[in-house]
Amino acid sequence: PRPPGDEEGAQEKEAAEGEGAVPGGPVPGAVGSSPAEPPQSPSRGAEADFYCVKWITWKGERTPVITQSENGPCPLLAIMNILFLHFSVLLQVKLPPQKEVITAEELMAHLGDCILATQPREPSEGLQLNFQQNINDTMMVLPKLSTGLDVNVRFTGVSDFEYTPECIVFDLLNVPLYHGWLVDPQTPEVVQAVGKLSYNQLVEKIITCKQASDSSLVSEGLVAEQFLESTASQLTYHGLCELTATVREGELSVFFRNNHFSTMIKHKGHLYLLVTDQGFLQEERVVWESLHTVDGDSCFCDTHFHLTHDGATAAPLDHRLQQRQVDQDYMIALSLQQGQEPSGLSDLELARQLQQEEYQHQPQHPP
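Predicted model, so just to flag it, every value in this text is computed and none were measured. (Residues numbered from 1 in each chain as written. Predicted model: local features only at pLDDT ≥ 70, side-chain atom pairs only at ≥ 80, totals over all residues. Heavy atoms only, no water.)

Asks: Can you tell me about the overall build of the protein chain, naming the residues and giving the values?
Replies: The number of helices and strands found in the protein chain is twelve helices and nine strands. Of all 367 residues assigned to the protein chain, the portion counted as buried reaches 44%. In the protein chain, 58% of the contacts between residues at least 6 apart in sequence involve partners at least 24 apart. Accessible surface for the protein chain amounts to roughly 19500 Å². Of this, 52% is attributable to carbon and sulfur atoms. (Helix = DSSP H or I, 4+ residues; strand = E, 2+ residues; numbered from the N terminus. Buried < 20%, exposed > 50% of the residue type's maximum accessible area, 1.4 Å probe, protein only. Contact = heavy atoms within 4.5 Å. Areas by Shrake-Rupley, 256 points an atom, 1.4 Å probe, with all protein chains shown as cover.)

Asks: So what about the nonpolar core? Which residues, and what values?
Replies: Generally speaking, nonpolar side chains in soluble globular proteins are found buried as a group. Ranked by internal contacts, the top residues of the largest apolar core, which has 65 residues, are Leu111, Phe155 and Trp288. Counting residues per element, this core draws most heavily on helix α3 (residues 74–85), at ten residues. Core analysis: the next-biggest nonpolar cluster, separate from the first, contains 13 residues, Tyr178, Leu235, Met264 and Leu291 among them. (Core = buried A, V, L, I, M, F, W, Y, C linked by side-chain atoms within 4.5 Å.)

Asks: An account of empty space enclosed by the protein is requested, with residue identities and associated values reported.
Replies: Going through the model one piece at a time under the given rule, you end up with three cavities of 30 Å³ or more. By volume, the second largest cavity is sized at about 60 Å³. (1 Å grid on protein atoms, 1.4 Å probe; cavity = no way out; pocket = protein on both sides within 12 Å on 5 of 7 lines; lining within 4 Å. Points joined across faces, edges and corners; volume = space filled by probe spheres on them.)

Asks: Any chance you could break down the sheet that holds strand β2 (residues 61–66) for me, citing the residues and the numbers?
Replies: Spatially, the three strands line up as an open sheet ordered β2-β1-β3, and their pairing is antiparallel. Among the strands making up the open sheet, the edge pair consists of β2 and β3 (101–103). Taken pair by pair, the neighbouring strands of this sheet meet at an average axis angle of 45 degrees, ignoring direction. The strands touched by α3 within the sheet are β1 (50–58) and β2, with β2 carrying the most contacts at an inclination of about 180 degrees. Of the strands in this sheet, β1, β2 and β3 are in contact with helix α4 (residues 104–116), which crosses β3 at around 70 degrees. (Pairing = 2+ DSSP bridges. Axes fitted to C-alpha atoms, helices over the stretch in contact; angles between N-to-C directions.)

Asks: So what's going on with the sheet that holds strand β4 (residues 177–179)? Residues and values would help.
Replies: Taken together, the six strands give an open sheet; going across it, the order is β4-β5-β6-β7-β8-β9, and neighbouring strands pair in mixed fashion. The open sheet has two edge strands with one neighbour each: β4 and β9 (300–301). Note: strand β6 (residues 260–267) against strand β7 (residues 270–274), four bridges, orientation antiparallel. Its bridge partner being in β7, Ile265 is matched across the sheet by Tyr272. Docked against the sheet, α3 engages β5 (252–257), β6, β7 and β8 (288–290), running at close to 25 degrees with respect to β6.

Asks: Summarise the packing of aromatic side chains; cite the residues concerned and give the values.
Replies: Tallied over the entire structure, the rule returns nine aromatic pairs. Ring centres 5.1 Å apart and planes at 90 degrees place the aromatic pair Phe155 and Trp181 in the edge-to-face group. Of this pair, Phe155 sits in the loop between α5 (125–141) and α6 (167–173) while Trp181 sits in the loop between β4 and α7 (188–194); the two residues are 26 residues apart in sequence, bridging distant segments of the chain. Residues Tyr272 and Phe305 carry aromatic rings whose centres are separated by 4.8 Å and whose planes lie at 50 degrees to one another, so their mutual orientation is tilted. With Tyr272 in strand β7 and Phe305 in the loop between β9 and α11 (319–338), this residue pair connects regions lying 33 residues apart in the sequence. Both residues of the pair, Tyr272 and Phe305, count as buried. (Phe/Tyr/Trp six-rings, centres within 6.5 Å; stacked < 30°, edge-to-face > 60°.)

Asks: Can you lay out the pattern of salt bridges for me, pointing to particular residues and giving the numbers?
Replies: Tallying each qualifying case throughout the model produces four salt bridges. The salt bridge partner of Glu225 is Lys210, with a shortest N-O separation of 2.8 Å. Taken together, the residues Glu225 in helix α9 (residues 215–230) and Lys210 in helix α8 (residues 199–210) connect sequence positions 15 residues apart. Lys210 sits in the partly exposed class, given a relative accessible area of 46%. Between Glu251 and Arg248 there is a salt bridge; the shortest N-O distance is 3.1 Å. Overall, the relative accessible area of 57% leaves Arg248 in the exposed class. (Salt bridge = Lys/Arg side-chain N within 4 Å of Asp/Glu carboxyl O.)

Asks: Which residues make up the environment of Leu111, and what are the values?
Replies: Along the chain, Leu111 falls in helix α4. Overall, the relative accessible area of 0% leaves Leu111 in the buried class. Taking the C-alpha atoms as reference points, Leu111 and Met80, separated by 31 residues in sequence, lie 7.0 Å from one another. Leaving out residues up to four positions away in the same chain, Leu111 has contacts with Leu76, Ile79, Met80, Leu83, Leu142, Leu145 and Leu173.

Asks: Please provide a residue-by-residue account of the side chain of Thr244, values included.
Replies: Here Thr244 shows up in helix α10 (residues 237–246). A polar contact of 2.9 Å, which involves the side chain of Thr244, links it to the backbone oxygen of Leu240. (Polar contact = N/O pair within 3.5 Å; in protein donor to acceptor, adjacent residues only side chain to side chain.)

Asks: So, α3: which residues are in play, and what are the values?
Replies: If you check α3, its first and last C-alpha atoms are 16 Å apart, about what twelve residues at 1.5 Å a residue would give, namely 16 Å. Within α3, twelve of the twelve residues are buried, leaving the element largely enclosed by the surrounding structure. Taken together, the buried positions of α3 are Cys74, Pro75, Leu76, Leu77, Ala78, Ile79, Met80, Asn81, Ile82, Leu83, Phe84 and Leu85. (Expected span 1.5 Å × (residues − 1).)

Asks: Describe the pairing of β6, with residues and values.
Replies: Counting buried positions over the eight residues of β6 gives six, a clear majority of the element. The antiparallel hairpin formed by β6 and β7 contains two residues in its connecting segment, where Lys268 sits at a positive phi of about 50 degrees.

Asks: Account for the side chain of Lys266, naming residues and giving values.
Replies: Tracing the backbone through its elements, the reader meets Lys266 in strand β6. Comment: no salt bridge for buried Lys266; closest opposite-charge side chain is Glu249, at 5.2 Å. A polar atom in the side chain of Lys266 sits 3.0 Å from the backbone oxygen of Val247. Residue contacts for Lys266: discarding those within four places in its chain leaves Thr244, Val247, Arg248, Glu249, Gly250, Glu251 and Leu271. (Lys, Arg positive; Asp, Glu negative; His and termini not counted.)

Structure (structure tokens):
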């Protein structure tokens, strides 16, 4: 099994080492949009160095969001979008107002400026030497941001990762890195089987346990394997609840899930992911995507976190009434998911049941 790092980076690493390809991962494709003056014979890698810029209004400022096509260098874009959205660094990371396309080299240059700006102001020799060492380590890691980072999660906490040199970038920029792949503490057999192991260590344990002669070890390995299979989406309900409780209000962070790095924010107690899909480049009302379920059922929001109808441009005549109803149902679902289960039904089932009852009592309006 492949470690849960960036998919494109893992594929390039395998190709460089001459190992056999792991099935299940698509070959990275080129960005679907070309620059204004592309090279005469651009290769796939050359095309992938260009990214379209989507401009939004964020905290009263016209702010750029870097979009990507499938299998783009998501670690770099997730970090850069945080720097663009972060109000305190807008003057350090600012693009020309008419910028429509940006290159990976330009993004790297902006990122380097932000890292250098973190130099401590204290004249302490120890702090300066430590900063210089961190800068040297970061320079070795920066090229990986455009291909993918090796990330190895631990299942004990939303900010628990096995430390790797790549983590220095997040530390220097003070950018939190989270995940939601946690073991539910109410399943003691899974807690026992997984323990404090990282993903890579758990895979090794499963292989070892399957070859053991002790039936208890074999059983423990099967429990661990079942956990990985049942949580293949790399997000659990316990992890989602822990994320909601841990992330601070208004905090911008990077969220890791399914070999992808996303820009995340917490607004009024709820989590949202920045929509960076290039397909929504012209959809001004599609900026954030809610993160309130583990099954991918989400809602799109605009820059003010008001719900939109999947980016549709045509709204019905009774738009205000329908929007009020959608907002109410959405808040009910989120509140139920963060609370305790009052019955045998799951939070998601209860939310859907309440939504159905609300719609049945809602008067019908002609379109």
